[in-house]
Structure formats: C-alpha cells, structure tokens
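A closer look at the structure
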Amino acid sequence: MGLKKNVESKIAAFSSDNLGLTCSVEKPFPYRIYPIGDQAITLDFGNLIKDEINAQVMALFYWLKEENLHGIKDIIPAYSTISLVYDAPMIRKWAGNGSVYQYMEQYLTNALQQLDLLALPSSRELRIPVCYHQSLAPDLMELCQEKQMDLDEFVSIHTAIPYRVYMIGFLPGFAYMGSLDERIMAPRKQTPRTHVAAGSVGIAGVQTGIYPFASPGGWQLIGQTPMTLFRANDDQPSLFQPGDLVQFESISIDQFYQLKNKAS
Amino acid sequence: MGVRVLKSGMADSLRDAGRFGFQHLGIPPGGAMDSVAMQVVNILVGNPIGAVVMEMHYPAPQLEFNSPALMALSGADFQATLDGVEIALNQPMLVPTGSVLKFNKPVSGARCYLSVKGGFEADEWLGSRTTNNFAVRGGYQGRNLQKADWVAFAKPFSYEVEEPAVMPWTANVRELYPQGPCYLIPGAEYELLDAASKQCLTHEPFQIATNSNRMGYRLQSAPMHLGEYKECLSSGVGFGTLQLLPDAQTILLMADHQTTAGYPRLGHVASVSLPSLAQLNAGDNIRFQLINMNTAESLYAAQEKHLRQLKNACNFRLQEYLSND
C-alpha cells in the first residue's frame, strides 16, 4: 500500500533532529484499538495514569498532526488513549476494498510502529499563581481537618512539584493534571456544585485541575488562580496544551486581587 | 438584506457542519443537530451543504424578510406559514420583502432548519460559524437569537420577487431518515454488561427525559449494570456515544457533547441514525439495534450518495430558474 511509504518518508523528515527534541519514546506499550462510532477510532494503552504512557500518546498526537492525513477532523489525546475523528466518505476514497475502519486501524498500527523512532518536543513549563485563601477555597479547611494537616503544609505539598497536563477536556481549556502527592488526594464531592467560580483550582483522586469558566463541577476546591485560562479571541485560545508542565505558586489574597484586576 | 426576529423562539441558533480541529483543547464541534436537514435546506437553495442555517426548536421564532430571498425549510414540521399561508417543508420558495414566516404548532420532529440562498451571515470562530454558547463565540454573537435581532444574509440575493412563489419540486427526504430502530455500534464496555442488561439494551425502550438538550439526551430505561464494575479514565467521546451512568441509567451524547468523558461506553449511534435521533423529543422512546461496522459504513455511504444525487438534481432545476447563477 502507498501508506507505508508515505509514513516512512514523513519519519525521515521528522527525525532530522532540528525540532529541539528532548526525550525519546521507547517501544510501544501494549494497546488495543476499537471504534467509538463509525467515524471515530480510539487507540487505548490501558486504563492508566502514567507519564510514560501519556508521553507516548502525545508523541502519537504530534506525529499524526504532522502527517495531517486528509479526512482526519480531530485528534483527541487523553490520559492513555488517543481518539481520531474522521470523515468516512473521504477516507473511503483510498481505503481500498476493506472497511474505512480497517483502514484507520491499520493507519494507527503503522503510526505506532514508527514511535520508537520518534521524539517529543520538550514540555513547556508554565508557572501559575494560585491563592489558597479560605475565601477562594471552599473545601480546603475541611480537607485539612480530615487529613489533620495544617493549611501551610497542604499548600506546600500542592506546590512542591510540577504537574503534567495529561489532557484537556470537559470544558474548553480544562486541563487534567497530575499526579497529586497521596497525602493530599481526595475523592470528588458527593454532590457536585452547581456553580464553581472561573479560575477555581480543584482536586479529584490523583488529579488536579483549574476550571477555566464558571460552571457546575464536582472537584474539591482548594484555591483560585487570577489568570485567564481561555481567551476565545486568541488563535491559540487555551493557555494549557496537552503535555505542558505546570508549577503552581502560592500567592496572597492581596496579590490575587492585584493580578485579577490587572488581568481584567 | 436579511431577516428580523419579530419574536424569539425557545432556542434558535445559527449552525453549520461544526467546528473541527479543536477537540484536543476541549472545544466541541457543536454543528447542526440534524445534519441531513441542514444539508437538505442548503441543497434546496443551491448553497454549499455546510452553509450557515438557522436551527429552530418549538416554540419557534417569528421572522420578517426585509429583502427578497430564496428560502427552504426542512426537518421538524412546525406548521410553517408565510403571511398566513401554509407552506411545505423541503420545497424551495421565493419570498418577497416584508413576508412574515411563522410557526404555528409542533406537528412532528424536534428541530426545523431554515436556509436562505447565500446562507446567513455569522461570526467565524476557529474555522467555523456555528454557535458556541459556552465560549460565547460563533453564530450570532455567540448566542441564541433574541427578539429584534437582525440576521443578515451572507450574500445578497439579487432577484426581484413580487409575490411568494413555490418552486415546482420537492426533496424526498424519507429515505434519508431510516425508520425503525436506532442503529448502535457496540462500545468498548458493551461486553462488560451483565446478560440482563444486554437484553435490556436491545429489547427495552429508552425514553428521552425532559432534561435533555443539545449536549445530551438523558434516557430512562430499565436499570443496566456492568457484570464487573469498571472505573474508566476520561477519553475521547463523540456525537452518539451512549454512556452508562452510576445510577444505572444512560446518557446519549449529542452535537454539543463534551470532548472527553469517563463513564462506560455501551455503544455509539451509527452516523446514519443521528439525524433521526436529532428529531426526537422528550418523552419519545428509542429502541436500539446493534449493527456491525460494515453495515454502519454502508448505510452511511448510501445516505451520503442519496444527498449527492439530491444536490445534483436540485442544482439542475435551480439553474433553469435562476439562469444567471
């Protein structure tokens, strides 16, 4: 098939090492491929939150973006899966005798076989100011009490390490980050709030994230950032991109309102 | 040139085929719910199939044409009248300045689509003109239409029209909407359903609950359970994904769906069945029938072919009428 050859020539161009690449990705993890409809397909590395697996997802994401196969409408990376939304009638034109799905399955399998040749662009590092003041963190005191931890300790653990943006979903620009230190992990709220303020920093299980818009939400709220995370008028509307590294920095309530006023 | 909203409807918005290429940033496609009706109204007036149309629910708006237009309606039948005279769906029509389009009662279906030759003017955002109510972008100022809004035509219609005139041809849309069950492709967690739940999925009715909208249909049915509970990480979902919620009920994701979700995926509605699904109302029942991928693909290919044939036929007829087009 013409596909394989095309794939190889793209790889040659991509591995010419002029892209500021840093970490290379090892052999593929075990995976399975399944349909999510008759115009979408998912490659699944198992139900795991793991940096190496997510790095592989992102390697595949950039490879597929670069490849830019006509007929692929969306590429959605998640923790350990990548989903492709495609235009079946368009792909049909070069799918040969088999089904469009079989063609896409083969396409993904081929793409994955190239992964050990691939490398990822280095992660961007973003510093995000967060105010952990009680007035902006409705669940923080209760969490500290449950964990018999003082507030400063909780904050220092939450700000101790950078978090990886594993994926973006739920709302435009909502970044799913992790992994939390187990000392501060907490489950979702039993009953989700109907209103969570824009900029609220939440935690749920091993995950942490920020609500870019006011919305309903079920995560435990431990702080708020004054930054605007989603700017609809920008070409690149989401501040966070999958694969970013995010370092939270604790700020005072005064700093919060100063920055907030500056931002608006 | 355009239409004035004399009275707003329940949720009227400007839609195209959807905003693709940004789901990795959490931005949903959000195109027309019934993509067949969107294409049919565009085909009838000679537009590209994805030109901007008006999607209307019942109660639907009252619209006044402030210039002549070639228009068409398709999808739900809300008993439309032009200046008090009943007009048919799926038939292109010339309307003169000052005509008032009204919708009088919901007869069948859930969403009616209006096109005008040249399409409606709408804000572009990230490559599409469809409305994103959340980001308040695209469509008409990023929101649903309100009384007194002025919705302009994207291209002027340069014909003089003295009185309403129905074009003497009709699009036969019956074959574009499969009758009977809603076709479902089994999802990744389908096999984890216990035997009784599998039986339920294909033999019991699923009723659309009142808290259903463009984001998703909440369905009420006999409870379903996985034989073994599985916690899923969020991953990509789509228009038509059927998810099992913790309360043993299901939700069917529609055009404004989240880009990712973590509930077990029981199945995915085949593309060919999505337009029929989009025409259902709260209280209606859905019955699912499992089909395999080859069947789903060929049914969709047949639907697409039918639309292409309709387009060719309509363009031919239109050219006879609008000779300088």
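Structure's up top.
Below you will find a few notes about this structure. (Residues numbered from 1 in each chain as written. Chains lettered and ligands numbered in written order. Predicted model: local features only at pLDDT ≥ 70, side-chain atom pairs only at ≥ 80, totals over all residues. Heavy atoms only, no water.)

Let's talk about the pattern of salt bridges
Taken as a whole and assessed by the stated rule, the structure comprises 13 salt bridges over all chains. For the salt bridge of Arg127 of chain A with Glu249 of chain A, the shortest nitrogen-to-oxygen distance reads 2.6 Å. With a gap of 122 residues between them, Arg127 of chain A in strand S7 (residues 125-131) and Glu249 of chain A in strand S15 (residues 245-251) connect regions that are remote in the sequence. Glu191 of chain B is paired through a salt bridge with Lys198 of chain B; the nearest N and O atoms lie 2.9 Å apart. Take Glu191 of chain B: its relative accessible area is 58%, and that puts it in the exposed class. Through salt bridges with shared partners, a single ionic network connects Asp139, Lys189 and Arg193 of chain A. (Salt bridge = Lys/Arg side-chain N within 4 Å of Asp/Glu carboxyl O. Helix = DSSP H or I, 4+ residues; strand = E, 2+ residues; numbered from the N terminus. Buried < 20%, exposed > 50% of the residue type's maximum accessible area, 1.4 Å probe, protein only.)

Points about the layout of surface pockets
Each pocket or cavity is described by its volume, and for the second largest pocket that value is around 920 Å³. Lining the second largest pocket are 39 residues; nearest its centre among them are Gln39 and Lys73 of chain A together with Ala17, Phe20 and Tyr300 of chain B. Within the residue set of the lining of the second largest pocket, elements represented by two or more residues are strand S5 (81-86) of chain A together with helix H1 (35-44), strand S20 (265-269), helix H3 (274-278) and helix H4 (293-321) of chain B. A class-by-class count of the residues in the lining of the second largest pocket yields 19 nonpolar, 15 polar and 5 charged. (1 Å grid on protein atoms, 1.4 Å probe; cavity = no way out; pocket = protein on both sides within 12 Å on 5 of 7 lines; lining within 4 Å. Points joined across faces, edges and corners; volume = space filled by probe spheres on them. Nonpolar A, V, L, I, M, F, W, Y, C, P; charged D, E, K, R; others polar.)

As for unusual backbone geometry
Look at the link from Gly178 of chain A to Ser179 of chain A: it is a cis peptide, with omega at 0°. Geometrically, the link from Tyr58 of chain B to Pro59 of chain B is a cis peptide bond, its omega value of 0° lying close to zero. Note that Pro59 of chain B resides in the loop between strand S3 (53-56) and strand S4 (62-65). A positive phi angle is found at Asp83 of chain B, which is not glycine, with a value near 50°. Structurally, Asp83 of chain B is set in the loop between strand S6 (80-82) and strand S7 (85-86). With a phi close to 55°, Val136 of chain B is a non-glycine residue in the positive phi region. If you trace the backbone, Val136 of chain B turns up in the loop between strand S10 (108-116) and strand S11 (150-152).

Considerations on the sheet that holds strand S18 (residues 250-253) of chain B
Residue and element names in this part refer to chain B. One open sheet accounts for 8 strands, arranged S21-S14-S15-S18-S17-S20-S13-S22; its pairing is mixed. The two strands at the open ends of the sheet, each matched to only one other strand, are strand S21 (285-286) and strand S22 (288-290). Summarising the sheet, strand S14 (residues 206-208) and S21 pair through 2 bridges and their orientation is antiparallel. Residue pairing for S21: Phe206 is matched across the bridge by Ile286. Of the strands in this sheet, strand S13 (182-186), S14, strand S17 (241-244) and S22 touch helix H2 (residues 195-203), which is tilted by about 115° from S22. (Pairing = 2+ DSSP bridges. Contact = heavy atoms within 4.5 Å. Axes fitted to C-alpha atoms, helices over the stretch in contact; angles between N-to-C directions.)

Considerations on the nonpolar core
Counting 52 residues, the largest nonpolar core has Val40, Leu201, Leu219, Leu252, Leu277, Ile286 and Phe288 of chain B as the members making the most contacts within it. Built from parts of two domains, this core gets at least three residues from each of domain 1 (2-175 + 305-324) and domain 2 (182-291) of chain B. Apart from residues lying up to four places away in sequence, Val40 of chain B is in contact with Ser74, Asn90, Ala171, Val173, Leu176, Leu307 and Leu310 of chain B. Counting 39 residues, the second largest nonpolar core, distinct from the first, contains Ile33, Ile82, Ala111 and Leu115 of chain A. (Core = buried A, V, L, I, M, F, W, Y, C linked by side-chain atoms within 4.5 Å. Domains from an automatic or database assignment.)

Regarding the interface of chain B and chain A
The accessible area lost on association of the parts is a frequent measure of interface size. Each partner contributes residues to the interface: chain B has 38 residues there, and chain A has 50 residues. Carbon and sulfur atoms make up 59% of the area that chain B and chain A hide from each other, which totals about 3,400 Å². Broken down residue by residue, the surface that chain B buries against chain A is led by His24, Leu25 and Leu233 of chain B, which jointly contribute 21%. Counting across the interface, chain B meets chain A through 1 salt bridge. Notably, a salt bridge pairs Arg92 of chain A with Glu297 of chain B, separated by 4.0 Å at the nearest N-O pair. Summed over the shared surface of chain B and chain A, the number is 13 residue pairs in polar contact (both at pLDDT 80 or more). (Buried area = accessible area lost by both parts, 1.4 Å probe. Polar contact = N/O pair within 3.5 Å; in protein donor to acceptor, adjacent residues only side chain to side chain.)

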